[in-house]
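So the chains spell out like this:
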Amino acid sequence: MTVNFIKGYMRLKLLRETALVSFALFTAQAAQSQPSFELVGFASVSTHGLKTTTGGGNAQVISVRTARELQAALERTDIENKAERENTPRVVQIDADIDLGEIANETPGTEIKAVGRVFVRSHTTLYASGAGATLRHGTLEVHGAHNVIIRNLKFRELWEEDPTGKYDRLGWDYLRVTNSGKVFSHHVWIDHCDFEKVYDGMVEIGHGSDLVTVSWCRFAGDDRGPQDKVSLIGHSSSSSAAAVDRGRLNVTLHHNLYENISERAPRARFGNIHFFNNLVDGARTATMSLMGAATMVENSFYKACTIATTFSHASDSASKGKGGALAIVDSRNVEPRPAPKPDSEGEAFELEHNFKGSTEPEGFRFNAPADWQWPELRKVPYVYHADPVDEVPRIVRQYAGVGKLADTDLPNVAP
């Protein structure tokens with residue numbers, strides 16, 4: 001009886017230990033498969049009267065299905081008082097694919113005859129639930145606005161062939177963050193969006209904009225070829241642009257997928273860029289830090305790129321005193337594309353310094369901000385978690401883009 005009891009006890013103990021191990025493995029796998037989609041980065045920094053970026057907060061949801069309805073909701077055309085219009089929180093849900101060409105308030109092209117632009121005012125959350133919604137033939141512009149969240153949207157059909165090959169005749173961007181006179185945009189979060197081929201830029205951030213996070217987004221070309229320009233941070237290299245942008249353009253880019261692109265993942269001037277846990281798969285020139293911009297590339301994965309990173313490019317060259325600062329931390333550059341023989345000293349410099357920082361990480365410093373306090377410039381002023389670099393391809397491919405958020409995450413109301 002005693003022997004049988006002991007044997008039974010040992011079996012129960014073994015079963016219990018096996019169950020505990022299985023539960024631990026299940027819990028670890030579940031945790032691995034469910035990354036946090038909470039706001040991280042510069043858009044979470046407490047300053048300018050905001051603790052963080054909350055968008056429209058808990059305002060009543062307004063559902064829209066057409067371009068005119070979207071424009072009215074975002075621009076608050078129903079509110080006559082200008083100050084009230086700018087400060088009334090809005091949570092706007094897009095319930096159908098929308099053709100912004102219906103508004104037709106932007107310069108048309110040769111093939112695309114109607115292009116629309118909608119301005120996003122302050123204290124706005126704009127999102128779609130489930131698999132997301134698609135915006136076609138137009139631009140969303142955060143125009144001198146603050147406290148804005150844009151999530152779970154596709155952007156399509158704003159590209160046409162330019163016979164010159166220069167693609168500088170039309171200024172079509174999908175999403176633009178800019179100023180309104182001397183009013184700068186700040187605290188903007190762009191999350192889980194999907195951008196395909198566009199005439200000019202996919203996400204453009206300039207003109208003194210500040211405290212922006214772009215996370216879990218997909219940037220890609222299509223069957224017509226690679227996307228040429230992805231993201232420009234800092235609209236110009238001019239002295240007038242420098243006067244506006246220096247100390248601003250603090251941008252976090254994390255867990256984004258860049259595939260089938262030519263360049264600008266991103267191209268940055270003057271600001272501070274924290275580029276972590278991103279996957280760049282196929283590019284001619286990917287991450288460029290120029291005109292005094294300070295870029296930290298951390299736990300990011302580059303594949304099939306001719307130039308993965310550079311701190312000197314074209315007219316913004318280190319030889320002309322227009323280079324930038326670049327630190328590479330725990331990142332990888334695999335299967336680089338063969339590079340053609342350089343035609344100039346500048347191209348030779350880029351190839352020689354490809355995926356090499358301008359400084360060692362321990363000597364790297366971000367630029368001091370213009371309008372808020374950042375006590376320790378050796379590290380970013382927010383808490384974040386960087387996934388291991390070898391996990392980045394799996395995590396980013398699995399979770400970047402639309403349709404990856406639970407409806408309980410939308411709209412996201414930060415504390």
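Shown above is the structure to which this text applies.
## Considerations on the sheet that holds strand β1 (residues 61-64)
- Spatially, 10 strands are ordered β1-β2-β5-β8-β11-β14-β18-β22-β24-β26 in an open sheet, and the strand pairing comes out parallel. Two strands lie at the open edges of the sheet, namely β1 and β26 (325-329), each paired on one side alone. Between one strand and the next, the sheet's axes are offset by a mean angle of 10 degrees, whatever the strand orientation.
- Where strand β2 (residues 90-94) meets strand β5 (residues 124-127), four bridges bridge the pair, whose relative direction is parallel. Considered in β5, the bridge of Val-91 is made with Thr-125.
- Lying on the sheet, helix α2 (residues 67-75) is in contact with β1, β2 and β5; it crosses β2 at an angle near 165 degrees.

## Focus: the state of the cysteines
- All told, the structure shown has zero disulfides when counted by the stated rule.
- With no disulfide of its own, Cys-217 has Cys-193 as its nearest cysteine by sulfur position, at a separation of 4.8 Å.
- A relative accessible area of 0% means that Cys-217 is categorised as buried.

## A closer look at the nonpolar core
- Membership of the largest hydrophobic core comes to 75 residues, with the highest contact counts inside it found for Leu-70, Leu-153, Ile-190 and Phe-195.
- When near neighbours in sequence (up to four residues on either side) are disregarded, Leu-70 contacts Val-64, Val-92, Ile-94, Ile-98, Leu-100, Leu-126 and Leu-135.

## Things to note about unusual backbone geometry
- Residue Pro-266 is reached from Ala-265 by a cis peptide bond, and omega for that bond is -15 degrees.
- Positive phi values are uncommon outside glycine, yet Phe-270 reaches one of about 70 degrees.
- Of note, Phe-270 is situated in the loop between β21 (267-269) and β22 (272-276).
- Within the chain, Ala-304 stands out as a residue other than glycine whose phi angle is a positive 55 degrees.
- Mapped onto the fold, Ala-304 is located in strand β25 (residues 301-310).

## Regarding the pairing of strand β23 (residues 279-290)
- In terms of burial, β23 is a largely internal element, 10 of the 12 residues being buried.
- Note that strand β19 (residues 257-259) and β23 share three bridges and pair parallel. Its bridge partner lying in β23, Glu-259 is registered against Asp-281.
- Direction of pairing for β21 relative to β23: parallel, over a ladder of three bridges. Each bridged residue has a counterpart across the sheet, and for Arg-269 the counterpart in β23 is Leu-290.
- Note that β23 and β25 share seven bridges and pair parallel. Considered in β25, the bridge of Ala-283 is made with Cys-305.

## A short note on the environment of Lys-322
- Locating Lys-322 in the fold gives a position in the loop between β25 and β26.
- Linking Lys-322 and Arg-176, residues 146 residues apart in sequence, is a C-alpha distance of 25 Å.
- Beyond its immediate stretch of four places on either side in the chain, Lys-322 contacts Leu-290, Met-291, Ser-315, Asp-316 and Ser-317.

Analysis parameters
- Residues numbered from 1 in each chain as written.
- Predicted model: local features only at pLDDT ≥ 70, side-chain atom pairs only at ≥ 80, totals over all residues.
- Heavy atoms only, no water.
- Pairing = 2+ DSSP bridges.
- Helix = DSSP H or I, 4+ residues; strand = E, 2+ residues; numbered from the N terminus.
- Axes fitted to C-alpha atoms, helices over the stretch in contact; angles between N-to-C directions.
- Contact = heavy atoms within 4.5 Å.
- Disulfide = S-S within 2.5 Å.
- Buried < 20%, exposed > 50% of the residue type's maximum accessible area, 1.4 Å probe, protein only.
- Core = buried A, V, L, I, M, F, W, Y, C linked by side-chain atoms within 4.5 Å.

By themselves these figures say nothing about function.
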